[in-house]
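Summary of the model geometry
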Amino acid sequence: MRPLGHLLLASALSCAAWSPTALAGGVTASRVEYVMGTMLEVQVHAADSLWAAAALNTAFAEVHRLDSLLSNYREDSEISRMIRHAPGPVPVNETTFTFVKRTVEFAALTGGAFDPTVGAVVALWGFDSGNYRIPDQAVLQDAVGRAGYKHIHLDTAAQTIALEPGVRFDPGASGKGFALARAGAKLRAMGVSEFYFDFGGQVYREGTDTVGIAIRDPRFDSVSVSEVFFTTGSVATSGDYERYFERNGKRYAHIIDPRSGFPVADRYAVSVYAEDPWIADALSTALFVLGPNAGSELLACFPGVGALYIERSGEATRVERDSLWQRLEIQ
Ligand code: AMP
Ligand code: MG
């Protein structure tokens, strides 16, 4: 078996070396823009500079289109319209419907640890505005009681969404991953199969060579705690250092446990590798809430997905990884 496997590998390598792209050389082009509240860098490898420029335009146009549909910071987005016109039902675009449907199905799978209706609770802590505060307990518990993915009603035939009054849909935990998946699909459809995205720290790339992606230490961004190697796929990280405030020496960060309405404590960061960038993004948030024990049950539903947890135990840091993440760490 061994020599055969070796031969297959060798022939695969020589095929890649003689592929038309390699023969023609091709060009790499990149661009950075601010979209969805963060920086998006896109690199593409295409046959010539005109095609590369067209590919970049296509990728950015798709992400801007999704932002205009899904943003909860834009009054004119479909998500904002859905919230404003509750209890609806509100007719929406196919893309918006697919996104909301997926987040609801994923929320159910996580038992509500991931919940896109957490928006009102996020706002009470000021994580949407930067106007941070510890909310009044009665008000917080009222918002927790009104939230819940079961208060989103989808009608597939009519392509409408109805939110129960008071429900604020928050796309923040998986909108960027969804945009990456859609933009990647657009590139593939135009024959561009080598690309790299860095969307506010979430990496998504496809290609033939292996890249190494370093995971930063949650407290020292110039130090890396792990590095994973892959040719195709995405790594997303949810961290307590992205949006947070401190009161009396305690840190309150932007990822909420929807069951209590409180920011998750005792966890610095969770990184997820998945082939699909939407899965990586949604899972990193869900696993941040669940932690390694409950998280391993959820991960069992996603073959080929790896996770790294950076846990706080007292003043110390404990790093845990599942077996797939461990394999990805080997170059
Ligand atoms: P991420 O950085 O991808 O983990 O997304 C975090 C963002 O998702 C937060 O800033 C909130 O807007 C939103 N969020 C917070 N907690 C949750 C949760 N438990 N489920 C879904 N979305 C959440
Ligand atoms: Mg996420």
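For the structure given in this document, a descriptive report is provided here. What you see is a predicted model, and the numbers here were worked out from it, not measured in a lab.

1. Some points on the packing of aromatic side chains
Tallied over the entire structure, the rule returns 17 aromatic pairs. Ring geometry for Phe127 and Tyr132: centres 5.6 Å apart, planes at 55°, overall tilted. The buried category is assigned to Phe127, whose relative accessible area is 1%. Each residue in the set Trp125, Phe127, Tyr132, Phe245, Tyr252 and Phe262 is aromatic and connected to the rest through ring pairs, giving one cluster. Over the ring of Tyr241 we find Arg216, and its NZ or CZ is 4.0 Å from the ring centre. A cation sits over an aromatic face here: Arg251 above Tyr244, 3.7 Å from the ring centre.

2. Overview of the side chain of Thr160
Position of Thr160 relative to the elements: it lies in strand 5 (residues 160-163). In this structure Thr160 comes out as buried when scored by relative accessible area, which is 11%. Sequence-distant contacts of Thr160, defined by excluding residues within four places in its chain, comprise Pro89, Val90, Pro91, Phe97, His153, Leu154 and Asp155.

3. Section: the pairing of strand 16 (residues 306-313)
Strand 16 sits mainly inside the fold: 6 of its 8 residues count as buried. Pairing analysis gives 6 bridges linking strand 15 (residues 267-274) to strand 16, with the strands arranged antiparallel. By the bridge assignment for strand 16, Tyr273 is matched with Gly306. Note that strand 16 and strand 17 (residues 316-321) share 6 bridges and pair antiparallel. Within the sheet, the bridge partner assigned to Arg312 lies in strand 17 and is Thr317. Connecting strand 16 to the antiparallel partner strand 17 that follows it, the hairpin turn spans 2 residues, and Gly314 within it adopts a positive phi of roughly 65°.

4. Regarding the side chain of Glu62
Along the chain, Glu62 falls in helix 3 (residues 49-70). For Glu62, a relative accessible area of 6% gives the class buried. A polar atom in the side chain of Glu62 sits 3.0 Å from the side chain of Arg65. Discounting residues that sit within four places of it in the chain, Glu62 has contacts with Arg182, Ala183 and Lys186.

5. As for the sheet that holds strand 17
Here 8 strands make up an open sheet; going across it, the order is 1-2-6-7-10-15-16-17 and the pairing antiparallel. Both outer strands of the open sheet, strand 1 (27-35) and strand 17, are each paired with one neighbouring strand and no more. Across this sheet, the average inter-strand angle for adjacent strands is 10°, counted without regard to direction. Relative to the sheet, helix 3 contacts strand 1, strand 2 (38-46) and strand 6 (194-199), its axis offset from that of strand 1 by approximately 25°. On the sheet, helix 9 (residues 277-299) packs against strand 7 (202-206), strand 10 (233-239), strand 15, strand 16 and strand 17 and is oriented at approximately 120° with respect to strand 15.

6. Quick look at the coordination of the magnesium ion (ligand 2)
Distances from the magnesium ion (ligand 2) to its protein donors, Ala173 (O), Asp281 (O), Asp281 (OD) and Thr285 (OG1), fall within 2.2 to 2.4 Å. Here the donor residues of the magnesium ion (ligand 2) share one chain and are spaced in sequence as A-x107-D-x3-T. On the criterion of sequence distance, the pair formed by Ala173 in the loop between strand 5 and helix 8 (175-189) and Asp281 in helix 9 is long-range, its members being 108 residues apart. Exposure remark for Asp281: the relative accessible area of 9% places this residue in the buried category.

7. Side note on the nonpolar core
In this structure, Val44, Val100, Phe197, Leu283 and Leu287 are the most contacted members of the largest nonpolar core, which totals 65 residues. Top element by residues in this core is helix 9. It accounts for 12 residues. Apart from the residues lying within four places of it in its own chain, the contact partners of Val44 are Val27, Thr28, Ala29, Ala52, Ala55, Leu56, Leu187, Val192, Glu194 and Phe195. Judged by nonpolar contacts, the second largest core, of 16 residues, contains Val228, Val235, Tyr241 and Trp325.

8. A short note on the pairing of strand 12 (residues 250-253)
Where strand 11 (residues 244-247) meets strand 12, 4 bridges bridge the pair, whose relative direction is antiparallel. Bridge pairing links Glu246 to Arg251 in strand 12. Taking the residues between adjacent antiparallel strands as the criterion, strand 11 and strand 12 are bridged by 2 residues, where Asn248 takes a positive phi near 50°.

9. What about the pattern of salt bridges?
If you walk through the whole model with that rule in mind, you get 18 salt bridges. Where Arg168 meets Asp128, a salt bridge forms, and the shortest distance between an N and an O atom there is 3.3 Å. Placement of Arg168 in the loop between strand 5 and helix 8 and of Asp128 in the loop between helix 6 (119-124) and helix 7 (137-146) is noted, with a sequence separation of 40 residues between them. Relative accessible area serves as the criterion here: at 27%, Asp128 is assigned to the partly exposed category.

Conventions used here
Residues numbered from 1 in each chain as written. Chains lettered and ligands numbered in written order. Predicted model: local features only at pLDDT ≥ 70, side-chain atom pairs only at ≥ 80, totals over all residues. Heavy atoms only, no water. Phe/Tyr/Trp six-rings, centres within 6.5 Å; stacked < 30°, edge-to-face > 60°. Buried < 20%, exposed > 50% of the residue type's maximum accessible area, 1.4 Å probe, protein only. Lys NZ or Arg CZ within 6 Å of the ring centre and 35° of its normal. Helix = DSSP H or I, 4+ residues; strand = E, 2+ residues; numbered from the N terminus. Contact = heavy atoms within 4.5 Å. Pairing = 2+ DSSP bridges. Polar contact = N/O pair within 3.5 Å; in protein donor to acceptor, adjacent residues only side chain to side chain. Axes fitted to C-alpha atoms, helices over the stretch in contact; angles between N-to-C directions. Donors = N, O, S within 2.8 Å, 3.2 Å for Na, K, Ca; no water. Core = buried A, V, L, I, M, F, W, Y, C linked by side-chain atoms within 4.5 Å. Salt bridge = Lys/Arg side-chain N within 4 Å of Asp/Glu carboxyl O.

Everything listed here is a matter of coordinates, which is why it stays silent on function.
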